[in-house]
Amino acid sequence: MSNTDLPGSLAYLPYDPETASQTPRIAIESVSPTVDNGQFAAKGIAGQPITVKATIFADGHDKLAACVLWRVEGAEDWQRVPLELQTNDLWLCEFTPVQVARHEFVVQAWWDVYGSYRYELEKKYGAGVPIGLELQEGRIHLEQALTRADDEVRPGLESLLARFDQCATEGDKVALLLSSETERNMRDADAYPHLTHSVEYPLDIERLKAQFASWYELFPRSITNDPQRHGTFRDVIGELPRVRDMGFDVLYFPPIHPIGLAHRKGKNNTLGAGPDQPGSPYAIGSPDGGHDAVHPQLGTLEDFRELVAAAADHGLEIALDFAIQCSPDHPWLKEHPGWFSWRPDGSMRYAENPPKKYQDIVNVDFYAKDSVPDLWLALRDVVWHWVEQGVKIFRVDNPHTKPLPFWEWLIADIRGRDPEVMFLAEAFTKPAMMARLGKVGYSQSYTYFTWRNTKAELTEYFTQLNSSPWRECYRPNFFVNTPDINPVFLQTSGRPGFLIRAALATMGSGLWGMYSGFELCEGTPLTPGKEEYLDSEKYELRPRNWYAPGNIMAEVAQLNRIRKQNPALQTHLGIKFYNVFNDNIILFGKYTPDLSNFVLVAINLDPHNAQEGHFELPLWEFGLDDNASMHGEDLMTGHRWTWHGKTQWTRLDPSMPFGIWRIRPAI
């Protein structure tokens, strides 16, 4: 009977019994951290442990052994870490990459013949079962291992074999065969029967700022005390101490390139700007240059390099906007018309995101006849040009509207040259696309956080970000506002609303950001309920009095200080929600694996009214009973106290609508 004649479920088998007998006998499943079974790299941070988990099993009752092999991608040698069996076929280990680079790991498993022998020997000897034959088998195991051993292991096995023959009693032989010394030598000379391995899983190991950073966005041109005088890079240098003192470590600029004149936008996004109106910096390109040039009124390229150096002296990194769009005046339209799509009448369609219209912007065509590879290479060279000026962080405008293969190639190319470069995706789109951008290489991303306001919404969203596949491929940057997004919640909530959102962002994720004006509680909309600012800074200079009454700079500084002092807060991962019996209050905690740093956060989500309620102090996380005591410290005020018992009560007033408490057992 042929294979295709077999009845039922066997008919699909494409091989004969001999071939089947050579396929893996051991199953390796559910390996983590992985993304799409290794198609993309899972994310990690240099100096932080990678926990590998896998389900490993086989037929029968024989013992298995397993390990993880890992290395920097392309390195000659693998490092080896044993996997330990936990329960129900779950195996686990940790290793800690220290180099910022692409890594890879493989899971291996094999039949642990000597481990199975030891297990049976110990059980039989303990039960008083005759073991004469088992002791002969033990000697055979030692002899066979000796034939496989290398020069380093052989002396130890020879010694064990000689000592076995000299043992006076059965008990002495058993003790020798069960000893850790024998186990170690046998493991070093293992034959690895039925050796099975997984595919190679990639890991993208980045620097700490990919996971933990505080971003501050400003328009350099608005750093001026006169609405008629354009700010400069040198003016921004004078602003660095204030940004530093608020606790930020990334200073991000919208595009700093020459701005086109054609269809230049005026105040509040009107058409037909006057001669004294600066236009939108997102209309990139003029006779003064394109994406690799700086707007003349900001200064020179040398001025920019001096700003980058001065920022570093204040502990700040400069991040730049990478916006792949052009003003009709961009030099590329004349130099490379084949990079664009032209309409039948010779005109070009301007950019739109209905209902928004961008008459001052046209887009390149990534797949136009002349675009591949020239446009792709030119854009790569733009990024590398700014890396050479000292920029290692790029916020990318609307990456979800550009081809995914382009991003996968560009990010790999740039990070292959300098692995410290990071990319932030400014993508507000469907979840699958947002996740995919993380998979193809983006270090972090904007999020839906901006529109999550209720307890249920926030709990659901934070939980999703902590679950697979998001936790392996996506790092959320909780921006509280942007020049494009004036959240409706902030338009009517006053100062308490800004404090609420700042607390949620800083405590909820290791990455957060705010656009300047947030510290002044600016939220007046162009039209009530619309997310556009009145007198938007995108279209005009906006000098500000940073110390105006009602500002929240001190609170922002303290929130950033708390983040830096508490390792548990330096990631979005590990958040846990606890019971508080009021739907207007959200309660969550974060803690380090050893519980040495445990931060409990309660936030009143109602900016207009005081809210109060009982909550459950998570004594069980420390293994304590419901009547135990816990020390608490308010990290905003320094006040300290002791709680007694699980059920506690809090009241949160709009003037200070949150509590951030570091807790520890009162022992």
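Rules of the game
Residues numbered from 1 in each chain as written. Predicted model: local features only at pLDDT ≥ 70, side-chain atom pairs only at ≥ 80, totals over all residues. Heavy atoms only, no water. UniProt positions renumbered as here; feature names shortened; annotations may be inferred. Core = buried A, V, L, I, M, F, W, Y, C linked by side-chain atoms within 4.5 Å. Buried < 20%, exposed > 50% of the residue type's maximum accessible area, 1.4 Å probe, protein only. Helix = DSSP H or I, 4+ residues; strand = E, 2+ residues; numbered from the N terminus. Contact = heavy atoms within 4.5 Å. Pairing = 2+ DSSP bridges. Domains from an automatic or database assignment. Salt bridge = Lys/Arg side-chain N within 4 Å of Asp/Glu carboxyl O. Polar contact = N/O pair within 3.5 Å; in protein donor to acceptor, adjacent residues only side chain to side chain. Phe/Tyr/Trp six-rings, centres within 6.5 Å; stacked < 30°, edge-to-face > 60°. Expected span 1.5 Å × (residues − 1). Arc of directions from axis to C-beta. Axes fitted to C-alpha atoms, helices over the stretch in contact; angles between N-to-C directions.

Per an unreviewed UniProt entry, the recorded name for the protein chain is Alpha-1,4-glucan:maltose-1-phosphate maltosyltransferase, and the organism is Pseudomonas luteola. Its UniProt record gives the protein chain the following Sequence similarities (unreviewed entry) comment, quoted word for word: "Belongs to the glycosyl hydrolase 13 family. GlgE subfamily."

Residue-level account of the nonpolar core, with values.
Judged by nonpolar contacts, the single largest core of 129 residues is most densely connected at Ile56 and Trp407. Counting residues per element, this core draws most heavily on helix 10 (residues 374-388), at nine residues. In contact with Ile56, other than residues within four places in its own chain, are Ile26, Ala27, Ile28, Leu64, Ala66, Leu83, Asp89, Trp91, Val107 and Ala109. Core analysis: the second largest hydrophobic core is formed by 20 residues, Ile45, Ala213, Ala283 and Met422 among them.

Quick rundown of the sheet that holds strand 24 (residues 585-591)? Include the residues and the values.
Note on sheets: strands pair through backbone hydrogen bonds, and any given pair is parallel or antiparallel. Spatial ordering of the open sheet is given by 23-24-25-30-27-28, a layout of six strands whose pairing is antiparallel. The sheet terminates laterally at strand 23 (576-577) and strand 28 (640-644), the two strands that pair on one side only. As paired strands, strand 24 and strand 25 (residues 598-604) are joined by seven bridges and run antiparallel to one another. Bridge pairing in strand 25 places Ile586 opposite Ile603.

Outline the domain arrangement of the protein chain, listing residues and values.
Each assigned domain of the protein chain is listed here: domain 1 (23-111 + 193-204), domain 2 (112-188), domain 3 (205-328 + 379-545) and domain 4 (573-663). Spacing between the C-alpha centres of domain 1 and domain 2 amounts to 29 Å. Across the contact, seven residues belong to domain 1 and five residues belong to domain 2. Here domain 1 and domain 2 share zero salt bridges between them. In this structure, the connection of domain 1 to domain 2 is made through four residue pairs in polar contact (both at pLDDT 80 or more). Elements with a minimum of two residues in the side of domain 1 that touches domain 2: strand 4 (64-72) and strand 8 (101-111).

Please provide a residue-by-residue account of the UniProt feature "site: Transition state stabilizer" (unreviewed entry) in the protein chain, values included.
UniProt's entry tags Asp484 with the feature "site: Transition state stabilizer" (unreviewed entry), counted in the numbering of this structure. Taking relative accessible area as the criterion, Asp484 reaches 19% and is therefore assigned buried.

Summarise the packing of aromatic side chains; cite the residues concerned and give the values.
Following the criterion strictly, the structure yields 45 aromatic pairs and no others. Arranged with centres 6.1 Å apart and planes meeting at 45 degrees, the rings of Trp376 and Trp409 form a pair that is tilted. Of the two residues, Trp376 is situated in helix 10 and Trp409 in helix 11 (residues 404-417); the sequence distance between them amounts to 33 residues. Residue Trp376 is classed as buried on the basis of its relative accessible area of 12%. On the basis of relative accessible area, Trp409 is assigned to the partly exposed category, the value being 28%. On the basis of an interplanar angle of 35 degrees and a centroid distance of 6.5 Å, the ring pair of Phe449 and Phe462 is categorised as tilted.

So, helix 3 (residues 132-148): which residues are in play, and what are the values?
Spanning 17 residues, helix 3 covers 25 Å between terminal C-alpha atoms, matching the ideal 24 Å at 1.5 Å per step. Within helix 3 the residues assigned to the buried category are Glu134, Leu135, Gly138, His141, Leu142 and Ala145. Down the axis of helix 3, the buried side of the element spans an arc of 105 degrees, and every buried residue falls inside it. In helix 3, the exposed positions angled more than 90 degrees off the buried face are occupied by Leu133, Gln136 and Thr147.

For the pattern of salt bridges, give the residues involved together with the corresponding values.
Oppositely charged side chains may form a pair once their charged atoms are brought near each other. All chains considered together, the criterion is met by 43 salt bridges. Taking the shortest distance from any N to any O, the salt bridge between Lys439 and Asp36 comes out at 3.1 Å. Remark: Asp36 occurs in the loop between strand 1 (26-32) and strand 2 (42-45) and Lys439 occurs in helix 12 (residues 431-439); sequence separation between them is 403 residues. Classification of Lys439 as buried rests on a relative accessible area of 15%.

Report on the sheet that holds strand 21 (residues 477-479), specifying residues and quantitative values.
Strand order in the open sheet formed by eight strands is 20-19-18-15-12-11-22-21, and the pairing between neighbours is parallel. In this open sheet, the two edge strands, each paired with only one partner strand, are strand 20 (444-445) and strand 21. Here strand 21 pairs with strand 22 (residues 511-515) via three bridges, running parallel. The residue bridging Phe478 from the neighbouring strand is Trp512, located in strand 22. In the packing of helix 10 onto the sheet, the strands contacted are strand 15 (317-322), strand 18 (393-397) and strand 19 (422-426), and the crossing angle to strand 15 comes to about 160 degrees. Lying over the sheet, helix 11 contacts strand 15, strand 18 and strand 19, oriented at roughly 155 degrees with respect to strand 19.

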